[in-house]
Amino acid sequence: MKRERGEWPEPLDGHARRQVAPVICYPTDSLAPPDLAAYRAARDGWEKIDEVVVPPRDARCFEVPAGCFFRIVSIEGPQVGDLNLWAADDLGERFFSGKTRALHGTHLSTGDRLWSSLPYLRPMATITQDTLDWYGFDEWGGSVHDVIGTRCDPYTHRLLSGHDYHHCCHSNLTRALARRLNRPYEVVEPAVHDVLNVFMCTGFTRDTSQYFMKASPVRPGDFLEFFAEIDLLGALSACPGGDCSTEHSSDTAACHPLLVEIYRPPAPPTGWTSPAPNGYGREHEDRGTSRAGGMARSEPDPR
Ligand SMILES: [Zn+2]
């Protein structure tokens, strides 16, 4: 966290340096926007092919074929969910929350994509409906469906409290994936990754820029709907924080189940094709060996 007063003196032109206007790091104007009208039209006549109830303080896996939709639905009471996504045939390709944040901002909604990790970097899913899109940003700068948090986990809990708690989202996702793949916890745990915090209301405090949470505005019947761009394996944890109005990483908060519904449309959206992995050839070319004759380097190989 930044000190209230720095230790170093401000330079004479410090004010002018602060006055420089920001530029967007990753303008997305060059990306073809998702054809939401085509996605929505594809829903006509769709058929529910599966549903999974995620028990409170636990997680479940689910599969969604490319070209199908899935919804995360609030049932029974306000509850936030931590979502992990993998390519169904490759746990190495997983949701990349950091780059998704860099591309779409701190909180996601309709039309945003969930991008996969390097070197794949392709849309795994597209958000096609968000019943909480009315919320926008509140007076604290809070909003829903963030990609700024990570997931509650027993290591941070141990670090900060000295206690062990076994039903953090990280552990719930680990158990669910281990069950699904019939592999030991320690083998699947590294595949658990930073999440989309579904329904969670979060932001950064204005004064210290610390991550905060507040009671989720979600109510039973609300849902977040996705279109699967590739074959997906998903896992959803019903966070032990419940609506995350007070605390997580304990059995204190009131918790509720979440419902995942999977729908198959009669035909894929018009004009849609499943995206290929990113086209970069992975040359990572060294300038010294570049045929383009870039800057030759004489430094020894640091290896
Ligand atoms: Zn959690």
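Structure: see above.
Parameters and conventions
Residues numbered from 1 in each chain as written. Predicted model: local features only at pLDDT ≥ 70, side-chain atom pairs only at ≥ 80, totals over all residues. Heavy atoms only, no water. Helix = DSSP H or I, 4+ residues; strand = E, 2+ residues; numbered from the N terminus. Rg over C-alpha atoms; globule rule 2.2 N^0.38 Å. Buried < 20%, exposed > 50% of the residue type's maximum accessible area, 1.4 Å probe, protein only. Contact = heavy atoms within 4.5 Å. Areas by Shrake-Rupley, 256 points an atom, 1.4 Å probe, with all protein chains shown as cover. Lys, Arg positive; Asp, Glu negative; His and termini not counted. Charge placed at Lys NZ, Arg CZ, Asp CG, Glu CD. Donors = N, O, S within 2.8 Å, 3.2 Å for Na, K, Ca; no water. Polar contact = N/O pair within 3.5 Å; in protein donor to acceptor, adjacent residues only side chain to side chain. Pairing = 2+ DSSP bridges. Axes fitted to C-alpha atoms, helices over the stretch in contact; angles between N-to-C directions. Expected span 1.5 Å × (residues − 1).

(A) Structural view of the overall build of the protein chain. Helix and strand counts for the protein chain come out as six helices and 13 strands. For 303 residues, the compact-globule estimate of 2.2 N^0.38 gives 19 Å, and the protein chain sits close to it at 22 Å. Put simply, the protein chain has 303 residues, and 46% of those count as buried. A separation of at least 24 residues holds for 75% of the contacts in the protein chain among residues at least 6 apart in sequence. Element-wise, carbon and sulfur atoms account for 52% of the exposed surface of the protein chain, whose accessible area totals about 16700 Å². Averaged over its 31 positive side-chain charges, the protein chain has a centre that lies 4 Å from the centre of its 42 negative ones.

(B) View of the coordination of the zinc ion. Those donors, Cys152 (SG), Cys169 (SG) and Cys239 (SG), are the protein atoms that reach the zinc ion, and they lie 2.2 to 2.3 Å from it. Spacing between the donor residues of the zinc ion along their common chain follows C-x16-C-x69-C. With Cys152 in the loop between strand E8 (143-146) and helix H4 (154-161) and Cys169 in helix H5 (residues 169-181), the pair connects residues that are 17 residues apart, well separated along the chain. The same class applies to Cys152 and to Cys169, which are both buried.

(C) Spotlight on the side chain of Arg175. Mapped onto the secondary structure, Arg175 falls in helix H5. Since its relative accessible area comes to 14%, Arg175 is described here as buried. Within the structure, the side chain of Arg175 is placed 3.0 Å from the side chain of Asp58, a separation counted as a polar contact. Beyond its immediate stretch of four places on either side in the chain, Arg175 contacts Arg57, Asp58, His166, His167 and Tyr185.

(D) Just the sheet that holds strand E11 (residues 223-228), in detail. Here six strands make up an open sheet; going across it, the order is E1-E13-E3-E11-E7-E6 and the pairing antiparallel. Looking at strand neighbours, the two that pair on one side only are strand E1 (47-54) and strand E6 (113-115), the edges of this open sheet. Shown here is a sheet whose adjacent strand axes are inclined to one another by a mean of 25°, direction ignored.

(E) Representation of H5 within the structure. The terminal C-alpha atoms of H5 lie 18 Å apart, and with 13 residues this matches the ideal 18 Å at 1.5 Å per residue to within 8%. Across the 13 residues that make up H5, a large majority, 10, are buried. Taken residue by residue, H5 has Cys169, His170, Ser171, Asn172, Leu173, Thr174, Arg175, Ala176, Leu177 and Ala178 as its buried positions. Lining the buried residues of H5 we find strand E2 (59-64), strand E4 (81-87), strand E5 (90-94), H4, helix H6 (185-188) and strand E12 (232-238).

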